[in-house]
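Coordinate inspection notes
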Amino acid sequence: MILGTSAYKNGIRATVFQPKVDAGIGCLLGATPMPKLVRNAYLDTPATQRIADRAHALRASTGALSGHALGETPEQHAPTFDLLADILAVVPLSETKVWNETIVDRLAELRPNIYGLWARLEGGAKTAQLTTARKPYGIKTMQVWGTPEGGGKGATASVSPETTSPPHSPSVTEARRRNPADRLWT
């Protein structure tokens, strides 16, 4: 397990324990001036489930349950947004190559409370926010040498499939017609 910073250097080693032999033994740090080896109760999954079920029943009988324990769904307090829809809102179909820096600035104008912090970052940190946020969607960037409109140092751009795909690739063009978000990848 995690013992903390410099634990190994200070002679506290989790590697001395053997999984089958030493189950339930651990290092107790911070309770005493020196670390101590302690044994805790070993509970397997069925025993743990019985304890949790009993605790739930006791709390239910006293009316002490709330929230998730009662099956309630918490209210959503954070603003919701759709990154791809927002990108499509700020990048017209007529643009085949768009600097990440430009997209971030446009997103900040569209939703300052969500993307405003991105736009205030400097240099590569500004564009890295957008690049990282798009990774789960499979939207990639490519190196493009030049200078964005604002004169920054951004060296990545979102590009359309037609720009980087071979001309004999009708499936990419067809995918763009079906899903406009596909036009922002390399």
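Refer to the structure printed above.
So, a few notes on the structure that sits alongside this text. (Residues numbered from 1 in each chain as written. Predicted model: local features only at pLDDT ≥ 70, side-chain atom pairs only at ≥ 80, totals over all residues. Heavy atoms only, no water.)

**Observations regarding the overall build of the protein chain**
A count of helical and extended segments in the protein chain gives 7 helices and 5 strands. Secondary structure of the protein chain in N-to-C order comes out as β-β-α-α-β-α-α-α-β-β-α-α. Out of the 186 residues belonging to the protein chain, those deemed buried represent 25%. Contacts in the protein chain between residues far apart in sequence, at least 24 positions, make up 47% of those at least 6 positions apart. (Helix = DSSP H or I, 4+ residues; strand = E, 2+ residues; numbered from the N terminus. Buried < 20%, exposed > 50% of the residue type's maximum accessible area, 1.4 Å probe, protein only. Contact = heavy atoms within 4.5 Å.)

**What to know about helix α5 (residues 123–134)**
For α5, the full list of buried residues reads K126, T127, L130 and R134. Within α5, the buried residues cover an arc of 80 degrees as seen down the axis, which keeps them to one side. Set apart from the buried face of α5 by more than 90 degrees, the exposed residues are G124 and T132. (Arc of directions from axis to C-beta.)

**Describing the pattern of salt bridges**
Using the criterion set out here, one finds 3 salt bridges in the structure. Taking the shortest distance from any N to any O, the salt bridge between E95 and R106 comes out at 2.8 Å. On the criterion of sequence distance, the pair formed by E95 in the loop between α2 (83–90) and β3 (97–99) and R106 in helix α3 (residues 100–110) is long-range, its members being 11 residues apart. A salt bridge links K126 to D105; the shortest N-O distance between them is 2.6 Å. Taken together, the positions of K126 in helix α5 and D105 in helix α3 put the pair 21 residues apart, joining distant regions of the chain. Residue K126 is classed as buried on the basis of its relative accessible area, which comes to 9%. (Salt bridge = Lys/Arg side-chain N within 4 Å of Asp/Glu carboxyl O.)

**Points about the environment of C27**
Relative to the assigned elements, C27 resides in strand β1 (residues 25–28). Assessed through its relative accessible area of 26%, C27 is described here as partly exposed. Sequence separation between C27 and R13 is 14 residues; the distance between their C-alpha atoms is 8.8 Å.

**Brief notes about the environment of E95**
For E95, a relative accessible area of 22% translates into the label partly exposed. Looking at E95, its side chain comes within polar contact range of the side chain of R106, at 2.8 Å. (Polar contact = N/O pair within 3.5 Å; in protein donor to acceptor, adjacent residues only side chain to side chain.)

**Regarding the nonpolar core**
Across soluble globular proteins, you tend to see nonpolar side chains buried next to one another. L83, I87, V90, V91, V98, I103, V104, L107, I114, Y115, W118 and L130 together form the largest nonpolar core, which totals 12 residues. Of all elements in the fold, only α2, α3 and α4 (112–120) reach the threshold of two or more residues within this core. With residues up to four places along the chain from it excluded, the contact list for W118 reads L83, V104, L107, K126, Q129, L130 and A133. (Core = buried A, V, L, I, M, F, W, Y, C linked by side-chain atoms within 4.5 Å.)

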